[in-house]
Amino acid sequence: MAFDLVFFGGTGDLVWRKLMPALFQAYRHGTLPEGGRIIGVGRDDLSDQQYRDNIQAKFAQVDGDKRPNDEEFARFAALLCYVRMDLSKPEDYAGLKARLAERQTDSVVMYLSTAPSLFTTVCEQLAASGLNTAKTRIVLEKPLGHDLASNRAINAAVGKVFKEQQIFRIDHYLGKPSVQNLFALRFGNALFEPLWRREHIANIQITMSEELGVEKRGGFYEGTGALRDMVQNHALQLLCAIAMEPPINAHADAIRDEKLKVLRALKRWTPETLSQHAIRGQYAAGNVFGQAVPGYRDEQGVNPASTTETFVALRTEIANWRWAGVPFYIRTGKRMAAREAHIEINFRNIPHQIFQSPAGQVNKLVIHLQPKDGLELHLFAQGQSKRGAGSGNQTLTPVHLDLDFDSRFGSERVGAYERLLLDVLDGRLNLFVRSDEQEEAWRWVEPILQHWAADPVGPRPYAAGTWGPSASSAMIARDGFCWGEES
Ligand code: BG6
């Protein structure tokens, strides 16, 4: 299956940090379809060979075993070429057209790894140059807008040129093997389904914490913040995967229809819930692994009086038969105590106790997404030691079953961008976000953005290297629960 894969923003960060290494892995695994060409597009004046040399130099920064040796790179590099373009100049599209006309392909993928402000222009120019044929697919990287109106404007502009089936909106969380396992856990196993509902589940917690700060992205992050950067997309996609009804089949629209229903059923915000259930924080100076780190306001490119949030904790509910009344908590932040993404499903207590359960502990299923990828099922057992035997001690001991997918599946696993790129080349839309899902997610976060914009208090400070401001723990404590690490 011959393809041309065009990277707009071909000299940018995402291309060399994520996309090229992912394509190289697919090439090494023998899963990249044969007869492909990867065309970098950028403003620099480079020959094909100079582009290959630049990419090779960047590969030196890729993790050890993922790095190609010289011979491997030489073979991979034969797929790479380069077209110089200023994307805002209509006349420059002719060069790309000529390059694409050099050979016959089954598909042409236009991957927009550029500033979103260019999405509309690029789509219009592709159409004007006749490059939006039936075999063209377009891939859009986030952020797709900064609010509902701008998101709709982008979707409308792209939708004028491409059909929805040709549009691949990336949320890289959906490509993670752990997130696909979440679908497998729910829809490939009978065990949990009878329990997966309000009658048995007390609350659900989604945590996505990072140890890193904003690094060199201060300028971008200032206008974005954690709600737009992590919640509107990744966190809500995880929430959908947890809460959606079983789709009728594994086709893209069947899955996306069910996710959309969850987003539509999210409880709408009221002035009261906005003030009580939408907590924002901003990291202050602190310690991460014994190293002193600066606060957000002292980071490069950040306004010293910034009110951009680097932490968010939210509480919501899903108004449908399966979930009514069950709190869903979402929390994400930078410069927190650990790099972790996990989902905790906390089950209700048993209806009648004959043993003593350890205080504050419940049965729970922890779905680890990263860095560990696996499942932990927390149960109670009669773990009496010899000393306790016969003393009539009826206190149960918490124990857990631990399933580690990394050691089970090891090197056979495929990284997020590798998975997603192969799916684009294959035309599979399952792991991509449809425009109506994306708009619904914006519709839900927008009242929070507006509430914060009008709130003179600003985000609450938290010391770097902690789990965020105390208001986040207070919010969940009001329901009689606590975050996983506090139990
Ligand atoms: C990106 C955000 O979408 O996700 C970043 O823009 C964030 O700010 C990153 O660091 C987290 O992704 P991962 O895969 O490292 O959890």
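Residues numbered from 1 in each chain as written. Predicted model: local features only at pLDDT ≥ 70, side-chain atom pairs only at ≥ 80, totals over all residues. Heavy atoms only, no water.

**A look at helix 9 (residues 225-243)**
Phase 1 of the analysis: If you check helix 9, its first and last C-alpha atoms are 25 Å apart, about what 19 residues at 1.5 Å a residue would give, namely 27 Å.
Phase 2 of the analysis: At Val231, helix 9 shows its strongest bend, of approximately 50°.
Phase 3 of the analysis: Within helix 9, 18 of the 19 residues are buried, which leaves the element mostly enclosed by the surrounding structure. (Helix = DSSP H or I, 4+ residues; strand = E, 2+ residues; numbered from the N terminus. Expected span 1.5 Å × (residues − 1). Bend = angle between axes of the 7 residues up to and from the residue. Buried < 20%, exposed > 50% of the residue type's maximum accessible area, 1.4 Å probe, protein only.)

**Observations concerning the site of the ligand**
Phase 1 of the analysis: Neighbouring the ligand are the residues Lys142, His172, Tyr173, Lys176, Glu210, Arg217, Asp229, Met230, His234, Lys334, Arg339 and Gln370.
Phase 2 of the analysis: Take His234: an N or O atom from its side chain is 2.7 Å from an oxygen atom of the ligand.
Phase 3 of the analysis: In the complex, the protein chains occlude 82% of the 400 Å² of accessible area that the ligand would expose alone.
Phase 4 of the analysis: Residue contributions to the shell around the ligand peak at three residues, all from helix 9. (Near = heavy atom within 4 Å. Polar contact = N/O pair within 3.5 Å; in protein donor to acceptor, adjacent residues only side chain to side chain. Areas by Shrake-Rupley, 256 points an atom, 1.4 Å probe, with all protein chains shown as cover.)

**Looking at the packing of helix 5 (residues 119-128) against helix 6 (residues 148-161)**
Phase 1 of the analysis: For the pair helix 5 and helix 6, the least separation of the axes is 9 Å and the interaxial angle reads 10°. Taken together, helix 5 and helix 6 sit at an angle that is classed as roughly parallel. Between helix 5 and helix 6, the contacting residues are Phe119, Thr120, Cys123 and Ala127 on the first element and Ile154, Ala157, Val158 and Val161 on the second.
Phase 2 of the analysis: For the contact of helix 5 with helix 6, the per-class residue count stands at seven nonpolar, one polar and no charged. (Axes fitted to C-alpha atoms, helices over the stretch in contact; angles between N-to-C directions. Parallel < 35°, antiparallel > 145°, perpendicular 65-115°, else oblique. Contact = heavy atoms within 4.5 Å. Nonpolar A, V, L, I, M, F, W, Y, C, P; charged D, E, K, R; others polar.)

**Some words on the pattern of salt bridges**
Phase 1 of the analysis: According to the stated counting rule, one finds 37 salt bridges in the structure shown.
Phase 2 of the analysis: Among the salt bridges present, the one from Asp4 reaches Arg103, with a minimum N-O distance of 3.0 Å. Of the two residues, Asp4 is situated in strand 1 (residues 3-8) and Arg103 in the loop between helix 4 (93-100) and strand 4 (107-112); the sequence distance between them amounts to 99 residues.
Phase 3 of the analysis: Taking relative accessible area as the criterion, Arg103 reaches 26% and is therefore assigned partly exposed. (Salt bridge = Lys/Arg side-chain N within 4 Å of Asp/Glu carboxyl O.)

**Quick word on the nonpolar core**
Phase 1 of the analysis: Met20, Phe76, Tyr111, Leu314, Ile343, Ile345 and Ile367 are the most contacted members of the largest nonpolar core, which totals 112 residues.
Phase 2 of the analysis: Looking at which element gives the most residues to this core, the answer is helix 9, with 12 residues.
Phase 3 of the analysis: When residues are assigned to domains, this core turns out to be shared by domain 1 (3-141) and domain 2 (174-413 + 435-486), each giving three or more.
Phase 4 of the analysis: Counting 27 residues, the second largest nonpolar core, distinct from the first, contains Phe8, Val41, Leu112 and Ile138. (Core = buried A, V, L, I, M, F, W, Y, C linked by side-chain atoms within 4.5 Å. Domains from an automatic or database assignment.)

**Some details on the sheet that holds strand 1**
Phase 1 of the analysis: Spatial ordering of the open sheet is given by 3-2-1-4-5-6, a layout of six strands whose pairing is parallel. Whereas interior strands pair on both sides, the edge strands pair on one side only; in this sheet they are strand 3 (80-84) and strand 6 (167-169). Direction aside, neighbouring strands of the sheet carry axes that sit 20° apart on average.
Phase 2 of the analysis: Two strands pair when backbone bridges link them, and strand 2 (residues 36-42) and strand 3 are joined in this way by five bridges, in the parallel orientation. From the neighbouring strand, Val41 faces strand 3, where its bridge partner is Val83.
Phase 3 of the analysis: Sheet contacts for helix 1 (residues 13-29): strand 1, strand 2, strand 3 and strand 4; angle to strand 1, the most-contacted strand, approximately 165°. (Pairing = 2+ DSSP bridges.)

**Comments concerning the environment of Pro304**
Phase 1 of the analysis: Tracing the backbone through its elements, the reader meets Pro304 in the loop between strand 10 (291-293) and strand 11 (311-316).
Phase 2 of the analysis: Taking the C-alpha atoms as reference, Pro304 lies 43 Å from Gln166; in sequence the two are 138 residues apart.

**Some remarks on the domain arrangement of the protein**
Phase 1 of the analysis: Structurally, the protein comprises domain 1 (3-141) and domain 2 (174-413 + 435-486).
Phase 2 of the analysis: Computed from C-alpha atoms alone, the centre-to-centre distance between domain 1 and domain 2 is 35 Å.

**Considering the sheet that holds strand 14 (residues 364-370)**
Hydrogen bonding along the main chain pairs the strands of a sheet, whether they run parallel or antiparallel.
Phase 1 of the analysis: Strand order in the open sheet made by the nine strands is 16-15-14-13-7-12-11-8-17, with mixed pairing throughout. Each edge of the open sheet carries a strand with a single partner, namely strand 16 (397-404) and strand 17 (460-463). Going across the sheet, the axis of each strand differs from the next one's by a mean of 20°, ignoring polarity.
Phase 2 of the analysis: Relative to strand 17, strand 8 (residues 278-284) runs parallel, the two sharing four bridges. Bridge pairing in strand 17 places Tyr283 opposite Tyr462.
Phase 3 of the analysis: Seen against the sheet, helix 15 (residues 470-477) touches strand 7 (201-209), strand 8, strand 11, strand 12 (328-333) and strand 17 and runs at an angle of roughly 10° to strand 11.

**Things to note about unusual backbone geometry**
Phase 1 of the analysis: The linkage connecting Lys142 with the following residue, Pro143, adopts the cis geometry, with an omega of 0°.
Phase 2 of the analysis: Tracing the backbone shows Pro143 in the loop between strand 5 (136-140) and helix 6.
Phase 3 of the analysis: For the bond running from Gln370 to Pro371, omega is 0°, close enough to zero to count as cis.
Phase 4 of the analysis: Even without being a glycine, Glu215 presents a positive backbone phi close to 55°.
Phase 5 of the analysis: Here Glu215 is to be found in the loop between strand 7 and helix 8 (218-222).
Phase 6 of the analysis: A relative accessible area of 40% means that Glu215 is categorised as partly exposed.

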